[in-house]
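Residue-level listing of the chains:
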Amino acid sequence: MQKLLRKQLTPVTLFFLLSIPLLVFFHLRGFVAHDEGWILNPAVRLLHGEAAYRDFHFIYTPGTLFFVTGLFALFGESVIIARIAAVSIALLTLFILYSLVIKSTGISLIGILASAIYLAWGPLHINFLWPVMFAIPACTAACLFILKAGSGKKIKYFVFAGMAVSLALLSKQNFGVAMIFSLSLYFLLYAPIRKMQYRSE
């Protein structure tokens with residue numbers, strides 16, 4: 001039993017297990033009316049039949065707004081529901097970021113360190129649904145899929161990368177445009193990626 005526990009409780013597992021109570025603690029406290037309300041109030045208005053950009057001002061692309069409106073439609077209009085969703089997205093981002101670093105370096109410790117830095121900078125500071133917290137996992141996932149496409153030579157990963165970039169653009173326009181520009185340069189300038197032969201499956 002003890003040997004089994006040692007195998008299961010790796011540093012990576014411990015990091016993610018410790019991240020959950022940390023995220024829950026920070027996400028179920030406080031309320032920043034001006035920032036959080038900027039997302040929640042338009043989502044309620046959208047749910048009640050108003051149209052973004054026509055009936056009210058919204059400076060971001062509508063991905064976050066549609067997501068929160070969908071949550072409210074399914075589970076009711078609640079700050080707690082939005083915070084629980086924020087915890088889930090934060091955990092997903094940590095997993096994607098860790099996977100990206102492992103794919104790049106193969107070193108678990110660097111993956112944990114990068115994820116811990118993001119955890120301290122992002123989800124433990126912004127404890128509500130905010131467009132950048134959607135754009136970051138989308139951009140990170142796009143990079144991960146591009147790496148997978150390069151190493152596995154499978155076209156489907158390029159499709160997934162394109163979908164992730166689209167989500168980034170829908171979440172926060174500047175992140176999406178930056179990713180489109182960066183990946184375009186990558187495909188134009190990185191010769192090995194152009195010369196590879198790809199499989200459809």
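Right above here is the structure, for reference.
Residues numbered from 1 in each chain as written. Predicted model: local features only at pLDDT ≥ 70, side-chain atom pairs only at ≥ 80, totals over all residues. Heavy atoms only, no water.

Asks: Help me get a handle on the packing of helix α2 (residues 11-27) against helix α5 (residues 79-105), residues and values and all.
Replies: It is at 10 Å that the axes of α2 and α5 come closest, and there the two elements cross at 155°. Overall, the two elements α2 and α5 adopt an arrangement that is roughly antiparallel. In this structure, α2 crosses over α5, and the sense of that crossing is right-handed. Residues Val-12, Phe-15, Phe-16, Ser-19, Ile-20, Leu-23, Val-24 and His-27 of α2 form the contact with α5, whose participating residues are Arg-83, Ala-86, Val-87, Ala-90, Leu-91, Leu-94, Phe-95 and Tyr-98. Each residue belonging to the contact of α2 with α5 can be placed in one class, and the counts come to 13 nonpolar, 2 polar and 1 charged. (Axes fitted to C-alpha atoms, helices over the stretch in contact; angles between N-to-C directions. Helix = DSSP H or I, 4+ residues; strand = E, 2+ residues; numbered from the N terminus. Parallel < 35°, antiparallel > 145°, perpendicular 65-115°, else oblique. Left-handed = near helix turned anticlockwise from the far one by under 90°. Contact = heavy atoms within 4.5 Å. Nonpolar A, V, L, I, M, F, W, Y, C, P; charged D, E, K, R; others polar.)

Asks: Go over the packing of aromatic side chains, please, and point to the residues and values.
Replies: Scanning all chains against the criterion turns up 12 aromatic pairs. Each ring, one from Phe-58 and one from Tyr-60, has its centre 6.1 Å from the other, and the planes form 75°; the classification is edge-to-face. This pair shows no difference in class: Phe-58 is buried, exactly as Tyr-60 is. Between Phe-128 and Trp-130 the ring centres are 5.9 Å apart and the planes differ by 80°, which places this aromatic pair in the edge-to-face class. Owing to a relative accessible area of 7%, Phe-128 belongs among the buried residues under this scheme. The class for Trp-130 is buried, based on a relative accessible area of 14%. In this structure, Lys-156 packs its charged tip against the face of Tyr-157, placed 5.5 Å from the ring centre. (Phe/Tyr/Trp six-rings, centres within 6.5 Å; stacked < 30°, edge-to-face > 60°. Buried < 20%, exposed > 50% of the residue type's maximum accessible area, 1.4 Å probe, protein only. Lys NZ or Arg CZ within 6 Å of the ring centre and 35° of its normal.)

Asks: Which residues make up helix α9 (residues 173-189), and what are the values?
Replies: The end-to-end C-alpha separation of α9 is 24 Å, in line with the 24 Å expected for 17 residues at 1.5 Å each. Regarding α9, the residues found buried are Gly-176, Met-179 and Leu-183. Along the axis of α9, the buried positions cluster into a sector of 60°, meaning they face one direction only. For α9, exposure combined with an orientation more than 90 degrees from the buried face picks out Phe-181, Leu-188 and Leu-189. (Expected span 1.5 Å × (residues − 1). Arc of directions from axis to C-beta.)

Asks: I'd like a description of the layout of surface pockets, backed by residues and values.
Replies: A volume near 370 Å³ is recorded for the largest pocket. Along its surface, the largest pocket is lined by 16 residues, and Phe-134, Pro-137, Ala-138, Leu-167 and Ser-171 are the ones closest to its centre. Put simply, the parts of the chain that give the lining of the largest pocket at least two residues each are α4 (63-75), α5, α7 (131-152) and α8 (155-171). By residue number, the principal contributor to the lining of the largest pocket is α8, which donates 6 residues. (1 Å grid on protein atoms, 1.4 Å probe; cavity = no way out; pocket = protein on both sides within 12 Å on 5 of 7 lines; lining within 4 Å. Points joined across faces, edges and corners; volume = space filled by probe spheres on them.)

Asks: For the nonpolar core, give the residues involved together with the corresponding values.
Replies: Core analysis: the largest hydrophobic core is formed by 37 residues, its most contacted members being Leu-65, Val-68, Leu-94, Leu-129 and Trp-130. Those elements giving two or more residues to this core turn out to be α2, α3 (33-47), α4, α5, α6 (108-121) and α7. For this core, the element with the most residues is α5, which contributes 10 residues. Excluding residues within four positions of it along the chain, Leu-129 makes contact with Ile-39, Phe-67, Val-68, Leu-71, Ala-82, Ala-85, Ala-86, Ile-89 and Phe-134. Core analysis: the second largest hydrophobic core is formed by 14 residues, Leu-100, Ala-161, Ala-164 and Ala-168 among them. (Core = buried A, V, L, I, M, F, W, Y, C linked by side-chain atoms within 4.5 Å.)

Asks: Can you break down the side chain of Ser-99 residue by residue, with the values?
Replies: Examined against the element boundaries, Ser-99 turns out to sit in helix α5. Among the residues examined, Ser-99 registers a relative accessible area of 18% and is labelled buried. At 2.8 Å, the side chain of Ser-99 forms a polar contact with the backbone oxygen of Phe-95. (Polar contact = N/O pair within 3.5 Å; in protein donor to acceptor, adjacent residues only side chain to side chain.)

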